[in-house]
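As a plain string of letters, each chain reads:
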Amino acid sequence: MAANKFWKKKELSSLEQQVGSALTQIETTITEVKNLKVSSVVDYTSKINAKKQVYLVLIPYPCLSIYNRISSKLLPELEKRVKATILVAAKRTIESKWVKSHRSQTRPNSRTLTSVYDGLLEDLINPSVILGRRTRVRVDGSKFYRIFLDESDQKELEHRLDSIKDVYKVLTTRDLEFEFRRDDTFYQKRGAKKVAKK
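A brief look at the structure comes next.

How each quantity is defined
- Residues numbered from 1 in each chain as written.
- Predicted model: local features only at pLDDT ≥ 70, side-chain atom pairs only at ≥ 80, totals over all residues.
- Heavy atoms only, no water.
- Axes fitted to C-alpha atoms, helices over the stretch in contact; angles between N-to-C directions.
- Helix = DSSP H or I, 4+ residues; strand = E, 2+ residues; numbered from the N terminus.
- Parallel < 35°, antiparallel > 145°, perpendicular 65-115°, else oblique.
- Left-handed = near helix turned anticlockwise from the far one by under 90°.
- Contact = heavy atoms within 4.5 Å.
- Nonpolar A, V, L, I, M, F, W, Y, C, P; charged D, E, K, R; others polar.
- Buried < 20%, exposed > 50% of the residue type's maximum accessible area, 1.4 Å probe, protein only.
- Phe/Tyr/Trp six-rings, centres within 6.5 Å; stacked < 30°, edge-to-face > 60°.
- Lys NZ or Arg CZ within 6 Å of the ring centre and 35° of its normal.
- Expected span 1.5 Å × (residues − 1).
- Bend = angle between axes of the 7 residues up to and from the residue.

## Remarks on the packing of helix H1 (residues 14-26) against helix H3 (residues 64-82)
Contact pair H1 / H3: the axes reach a minimum separation of 10 Å and the direction vectors enclose 125°. Accordingly, the angle class assigned to the pair H1 and H3 is oblique. The two elements H1 and H3 cross, and the hand of that crossing is right-handed. Judged by residue contacts, Gln 18, Val 19, Ala 22, Leu 23, Gln 25 and Ile 26 of H1 engage Leu 74, Glu 77, Leu 78, Arg 81 and Val 82 from H3. When the residues that make up the contact of H1 with H3 are grouped by side-chain class, the tally is seven nonpolar, two polar and two charged.

## With respect to the side chain of Ser 71
Its place among the elements puts Ser 71 in helix H3. Its relative accessible area of 1% is what places Ser 71 among the buried residues. Setting aside chain neighbours within four positions, we find Ser 71 in contact with Pro 76, Asn 126 and Pro 127.

## Some thoughts on the packing of aromatic side chains
What the rule picks out here adds up to zero aromatic pairs. Above the plane of the ring of Tyr 44 lies Lys 47, whose end atom (NZ or CZ) is 4.7 Å from the centre. The ring of Phe 148 has Arg 181 sitting right over it, with the charged end atom 4.2 Å from the ring centre.

## A word on H3
Here H3 is 19 residues long, yet its end C-alpha atoms lie only 21 Å apart, well below the 27 Å a rise of 1.5 Å per residue gives. Along H3, the largest kink reaches about 75° and is centred on Ser 71. Listed in full, the buried residues belonging to H3 are Leu 64, Ile 66, Tyr 67, Asn 68, Ile 70, Ser 71, Leu 74, Leu 75, Leu 78, Glu 79 and Val 82. Buried positions along H3 lie against H1, strand S2 (54-60), strand S3 (85-91) and helix H4 (113-124). Lys 83 lies just past H3 and shows a positive phi near 60°.

In short, the description is geometric, and any link to function would need to be established separately.
Written out as structure tokens, the structure reads:
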């Protein structure tokens, strides 16, 4: 049953079986999980020296729109069943500027390093939204990125921020600092239903 949740993968590790079986159990309460597939599950606990278990679940890029719709319901349920901090990100590829099959071919913007790194950060902090980002340089010349998040999502995100910061550092070598602030402009959260105007 757990193998059905994985995209083009037959041999599963014990961790992947655990996450796959948890997803099949969640299907009974959240029906949209049936369409969600998983590429792989990686344990980052030892890599970031975390006290609690931290798992990164990679999903195929075509499944990202499904995940964005159900992330606010799915993540708490999955963390409850697996008893670990779960981070979900889409599997993206970075293409070289120089590798071409034809000399007039241009690299799509979605395959650039910056675009992939920004997309990865947005996936990790889902279902929250990035309000702003600043690049700061320390006195010694090293860079770090200050990310502004919505104040209303502070309760949901606060316990996960350290693991997000550490996993992002391992994947991209970028330092992050998070700040919460109130957003005065109107926007709609990912996955929220549109309110009909009267």
